[in-house]
Each structure stands twice: as C-alpha cells, then as structure tokens.
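Spelled out, the chains give:
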Amino acid sequence: MSDLNARFEETVKNSTSLGERPDNATLLKIYALYKQATEGDNEAKKPSFTDMVARAKWDAWAKLEGTTPDEAKQQYIDLIESLR
C-alpha cells in the first residue's frame, strides 16, 4: 500500500474523533472528498430536489468531477488535519 493510501486510511479511521463536530458545509466537503477518493467521479443518478440531504451530498460530490483519487485523498487528509 502506498504511503498516501496508508495515510488516507488512517485519517479516515481518526476522522470520527475530531474535537468538535464540523459545520454542515465542512461535513459535505468531507463526504464529497471521501466519495471522490474511493469511487471517482460521481456517476450516480441525481436525487430529486425534494430529498434535500441526498441532493446536497450529490451536488458536493459532483463539484469534484475530474479530481483524481490521489488528489482527493490528499485534500481529505489536509482538511481533517486542519480540523484537529
């Protein structure tokens, strides 16, 4: 496993033990970066506008289209570290 992958996996494990809960915008960014890092570009069907939570998550992930998994992993690590 590469160093980046190992650091990403470790950061994912430790992300649940942040000092305080991040705001919703930050949580969406964390979610989107994780999805981009683990699944790549968003190819899921766009949720209905009536499902606001799913739609917000979908939109956040879709904004990262074209970001490589390695770039997303590094951004995820950087964001979690900034919240410590």
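Parameters and conventions
- Residues numbered from 1 in each chain as written.
- Predicted model: local features only at pLDDT ≥ 70, side-chain atom pairs only at ≥ 80, totals over all residues.
- Heavy atoms only, no water.
- Core = buried A, V, L, I, M, F, W, Y, C linked by side-chain atoms within 4.5 Å.
- Buried < 20%, exposed > 50% of the residue type's maximum accessible area, 1.4 Å probe, protein only.
- Helix = DSSP H or I, 4+ residues; strand = E, 2+ residues; numbered from the N terminus.
- Contact = heavy atoms within 4.5 Å.
- Expected span 1.5 Å × (residues − 1).
- Arc of directions from axis to C-beta.
- UniProt positions renumbered as here; feature names shortened; annotations may be inferred.
- Axes fitted to C-alpha atoms, helices over the stretch in contact; angles between N-to-C directions.
- Parallel < 35°, antiparallel > 145°, perpendicular 65-115°, else oblique.
- Left-handed = near helix turned anticlockwise from the far one by under 90°.
- Nonpolar A, V, L, I, M, F, W, Y, C, P; charged D, E, K, R; others polar.

Some words on the nonpolar core
Core analysis: the largest hydrophobic core is formed by 15 residues, its most contacted members being Phe8, Ile30, Ala32, Leu33, Tyr76 and Ile80. Those elements giving two or more residues to this core turn out to be helix 1 (3–14), helix 2 (24–39), helix 3 (52–62) and helix 4 (69–82). With five residues, the single largest contributor to this core is helix 4. Among all residues touching Ala32, those that are not within four sequence positions of it are Ala60, Trp61 and Leu64.

Here's the deal with helix 4
Here helix 4 spans 20 Å end to end across 14 residues, near enough to the 20 Å set by a 1.5 Å rise per residue. Within helix 4, the full set of buried residues consists of Ala72, Lys73, Tyr76, Ile77, Leu79 and Ile80. End-on, the buried residues of helix 4 take up no more than an arc of 165°, which puts them together on one face. Elements that come into contact with the buried residues of helix 4 comprise helix 1 and helix 2.

Some details on the UniProt feature "domain: ACB" (unreviewed entry) in the protein
In the numbering used here, UniProt assigns the "domain: ACB" (unreviewed entry) feature to residues 4–84. Taken end to end, residues 4–84 is 64% helix and 0% strand, and its two terminal C-alpha atoms sit 19 Å from one another.

Observations concerning the packing of helix 2 against helix 4
Here helix 2 crosses helix 4 at 150°, and the two axes come no closer than 8 Å. One way to sum up the angle between helix 2 and helix 4 is to call them roughly antiparallel. Helix 4 is crossed by helix 2, and the crossing has left-handed handedness. Residues Thr26, Lys29, Ile30, Leu33, Tyr34, Gln36 and Ala37 of helix 2 lie in contact with helix 4, whose contacting residues are Pro69, Ala72, Lys73, Gln75, Tyr76, Leu79 and Ile80. Here the residues of the contact of helix 2 with helix 4 sort into nine nonpolar, three polar and two charged.

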